[in-house]
Every structure is written in C-alpha cells, then in structure tokens.
There are 2 protein chains.
Amino acid sequence: MRHEFRKEMSLLEDTLAMLAKQAATAMERAAASLKDANLALAESVIDADHQIDFLEQNVDEMAVSLLARQAPVAGDLRTVVSAMRLAATLERMGDLARHVAYIARGRFPQTAAEGPTYELLISMADEAASVGKMVAKLVETQDLSLAREIEENDEILDNFHRRSFEIVLDENHPLTRQEVVDVVLLGRFLERYGDHAVSVARRMVFLVTGLNTEHESVPGTEEEMLG
Amino acid sequence: MRHEFRKEMSLLEDTLAMLAKQAATAMERAAASLKDANLALAESVIDADHQIDFLEQNVDEMAVSLLARQAPVAGDLRTVVSAMRLAATLERMGDLARHVAYIARGRFPQTAAEGPTYELLISMADEAASVGKMVAKLVETQDLSLAREIEENDEILDNFHRRSFEIVLDENHPLTRQEVVDVVLLGRFLERYGDHAVSVARRMVFLVTGLNTEHESVPGTEEEMLG
C-alpha cells in the first residue's frame, strides 16, 4: 500500500513535469512561428494544445483519486493540492502560447508587425519562451533557485509590455489598426504568460518548503498602464 | 465530530457564495463606473479587490484544512476540491472587474469611448455584470437551471466581442489610439469574465451532480478573431 502510494505520487509529479515541458515547448514554438511567419510551426502549437489539456485532466484525476483513496497528509497533501493548482496554471500558459500562434497564423505570409515594433514583439516572445523553459526545469528539478530567477526576471517582460504600450499610444508611430490590435493582444498574452510563470514559481516554493507566498499578488502592469 | 464536519462544510460553501457575490458586485460597479465615468465607484472596485483575494485565501485554507483533518470522500470531497477551483476562478473574475475599473478611472473625467463604440462597450459591460449576478445566484442556490442559462448566454458576450473587433479593425471608423487600446482590452476583459462564468457554471454542475464537463473547452473567440 505504502509502496503503491509513493509510486502514484511519483507518477503525479512526472505528469506535472511533462505538462510544464509542453507549456514551455508551446511558447518556444509560438515565438519562433511569430518570428519567421512559420505557418506549420504555428499550426503545430495549435494542434498540440489538446495534449496539454489532456495532461491537466490527468493530473486532476490522479490528484482527486489520491485524495479519495489515500487521504495524504502534511507534505504529501501539499504536493497533491499544489499539483492541481499548478496544472491549471500550466494549462493556461499553454492556452496563451496557442493565442500567440493564432496571431502568427492569421498574419501569414506576413509577420505580425514590422521594424522596431516587430523587434520588440519578437524579443518579448523570446523572453516568454525563456521563462517557460525555466518553469519546466523548476517543476522537474524542484530547484528553488530557478523560482527566484523567474520572479526576478518578470520585470523584463513587464518592461517590454510598457514599451509596447508606448508604441501603440504614440499617434505618430505609423501602425495599421490590425498592428495596434496585435501589439496590444500579444503584449497582454506574453505578459500574462510571465505572470503565470511567477505564480508557478511561488507554488513550487510552497510545494517544496510549505512556505506560502502564493496569495501575494503577482505585480501585474495593469494598474500602471490602464489606470 | 460529524456535526463539526458539517458545520465546516457549510462555512466553506457560505464563504464561496460570498466570494461569488463580491465578484458580481465588482463587475456591476465597474460597469456603472465605465458608463458614468464615476471615479468614486471605480476606486471602490479597485479598493475592494483585496477582500475578494482574502475570501479566496479563506476558501483555500478551509479546503486544505478539511482535507488534512477530515479526509472527506465522495460528494464531500467533490465539494472541497470544487470549492478550491471555483475560488480561483471567482478571484480571477474579480481581477477582471478591477481591470475594467482601472480603465474607467484612467479616462476620468471622460468616458472610455464615444458614440456607438461607447454604446457597445456599455452594453457589453452590462451583460458581464448580468452574468456575474447569475453566477453569484448559482453558487448560492446551486440551482442548475442558472448554469444552463449562463452557458447559453455566453454567445451574447462573444457577439459583442466580435462587434468590437469589427469596429477597431475598420480604418474608416475614427478612433484615437487610446480608444483602440481600450476597446481591445475591455473587449478581452469582459469576454474573459464571461468565459470564467461558463467555467463556474460547469464546475457547479460537477459539484452538484458529479458529472464532469469541466474539461470541455469553453468556446472562446480567440481562434476566430486572431487567426
């Protein structure tokens, strides 16, 4: 029974790590599809999203089954509850990568913008992909130095997001309406991807240490930029 | 012990209902602040958001404590797990209402748009507020006819969202850059609020019946409008 329980806990953690890896791959490919107007790559992100959803569902079902049959306590309970929350956040990161891929696909054979606006969007998408990789490694290794790094790096995406607002709000900066919409939405999707990464980082700290900072607000850029 | 358990379960459900009510009130006020460029009302939504966060945290802590001490099974386990997920979604709905309030506050003493664009945004915000009220009533009463209604009504917000895209993508429709940004983001926030409402509706169906449709995708408008 005890052996069976540890095997199930280990499978839960492995499935979560696989989910994190796929959410990272999704953003890596979405960023590349945006950069090179690569239709096939964009399609591959969109098609692969159901696998991410399936893995989330797996984590949820394993977690509820463990709660029902094994009534885990202490660190094991923390792991099971955290796994459910992490899975929901990672699934959302996959969705955001898919949204980025939709834009890449929708503008094909063009890129979503040109010149400095294009450069900014690509830098931002690359940064999100890099954060996604850190998230995947953190979930797999539980190395909390990565959690700190993710939290500290969030400022990079926030700065790109600020810059994207400056560009679109500048009436002298020539942009089509479609470009304005794309910059606003891509900025939002990529910044949200980063916020979710911070949320994963905090949840991993809680999972490993029991120290709860999950409910501290992730510093978003909404107040500053909308209000 | 059994009596104590039922009391705790009941407190969990009451706290969740209170959270749903506050997420509804937040959108109701945000919509009104957008309509009348009411700064005080917008501020009240922004200030009240920490109460929503606090209630979510309460639900989470109660749920984990129940899992740890009482090891609930069957319907009770379903209620506890659902409560955690519902709380996360309701908290997010509160955030989206706060984002709407940021825009209302940021444009004061003006409104966020004018003419038909303004009319559209107000109709959309009113619809979101109406959906929020249904969600609050559903969580309180567990009346599943409301879940069906929420799911069916989601098309209304999606249609407003489509219309907002048509307006901003029409180069002949005179809008400032700020107006374009506001319409894109308000459209996104309000449509997401509706998607979360559908997610709450499905989770309530699961909570009450054990029938799981939670993992069916909520029909978003992203693919159609971005890709």
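How each quantity is defined
- By convention here, each chain's residues receive numbers from 1 onward along its written sequence.
- Chain letters start at A and ligand numbers start at 1, both assigned in the order the entries are written.
- Local features are withheld for residues below a pLDDT of 70 in this predicted model, meaning they are given only at 70 or higher, and side-chain atom pairs are given and counted only at 80 or more; totals for whole chains, interfaces and linings count all residues.
- Think of the side-chain values as coming from all heavy atoms in the structure, minus any hydrogens and water.
- UniProt positions are given in the numbering used here, feature names are shortened, and annotations may be inferred rather than shown by experiment.
- A fitted line through C-alpha atoms represents every axis, and for helices the fit uses only the stretch in contact; the resulting angles, taken between N-to-C directions, go from 0 to 180 degrees.
- For helices the rule is a DSSP run of H or I covering at least 4 residues; for strands it is a run of E covering at least 2, with both sets numbered from the N terminus onward.
- Angles below 35 degrees are treated as roughly parallel, those above 145 as roughly antiparallel, those between 65 and 115 as roughly perpendicular, and all remaining angles as oblique.
- Less than a right angle of anticlockwise turn of the near helix away from the far helix marks a crossing as left-handed, whereas a clockwise turn marks it as right-handed.
- Two residues form a contact once any of their heavy atoms are found within 4.5 Å.
- Residues are grouped as follows: nonpolar covers Ala, Val, Leu, Ile, Met, Phe, Trp, Tyr, Cys and Pro; charged covers Asp, Glu, Lys and Arg; every other residue, Gly included, is treated as polar.
- Definition of a polar contact: a pair of N or O atoms within 3.5 Å, with one able to donate and the other able to accept a hydrogen when the atoms are protein atoms, and with sequence-neighbouring residues admitted only if both atoms are side-chain atoms.
- Whenever Lys or Arg places a side-chain nitrogen within 4 Å of a carboxyl oxygen from Asp or Glu, that contact is recorded as a salt bridge.
- A 1.4 Å probe rolled over the protein chains alone gives each residue an accessible area, and that area as a share of the maximum for its type sets the label: buried under 20%, exposed over 50%, partly exposed in between.

An unreviewed UniProt entry lists chain A under the name Phosphate-specific transport system accessory protein PhoU, from Ancrocorticia populi. The UniProt entry for chain A carries the following text under Subunit (unreviewed entry): "Homodimer." Taken from UniProt, the Function (unreviewed entry) comment for chain A reads in full: "Plays a role in the regulation of phosphate uptake."

Q: I'd like to hear about the packing of helix α6 (residues 177-209) of chain A against helix α6 (residues 177-209) of chain B, residue by residue, with values.
A: Contact geometry of α6 of chain A with α6 of chain B gives a least axis separation of 10 Å together with a crossing angle of 50°. The angle between α6 of chain A and α6 of chain B places the two elements in the oblique class. Our pair here, α6 of chain A against α6 of chain B, has a crossing hand that is right-handed. The segment α6 of chain A lies against α6 of chain B, with R177, V180, V181, V184, L185, R188 and F189 of chain A engaging R177, V180, V181, V184, L185, R188 and F189 of chain B. Grouping the constituent residues of the contact of α6 of chain A with α6 of chain B by class yields 10 nonpolar, no polar and 4 charged.

Q: Before we move on, could you go through the environment of R69 of chain B and cite the residues and values that matter?
A: All names here are of chain B. Take R69: it is sitting in helix α2 (residues 39-70). In the structure, R69 is positioned 23 residues away from R92 in sequence and 28 Å away in space, judged by C-alpha atoms. A polar side-chain atom of R69 sits 2.4 Å from a polar atom in the side chain of E8. At 2.9 Å, the side chain of R69 forms a polar contact with the side chain of S65.

Q: An account of the pattern of salt bridges is requested, with residue identities and associated values reported.
A: Residue and element names in this part refer to chain A. Tallied over the entire structure, the rule returns 32 salt bridges over all chains. For D76, the salt bridge identified is with R6, shortest N-O distance 2.8 Å. Placement of D76 in helix α3 (residues 74-107) and of R6 in helix α1 (residues 2-36) is noted, with a sequence separation of 70 residues between them. On the basis of relative accessibility, which here comes to 17%, the residue D76 falls in the buried class. The residue E151 makes a salt bridge to R202 at a minimum N-O spacing of 2.5 Å. Here E151 is found in helix α5 (residues 144-169), whereas its partner R202 is found in helix α6, with 51 residues between them in sequence. For E151, a relative accessible area of 33% puts it in the partly exposed group.

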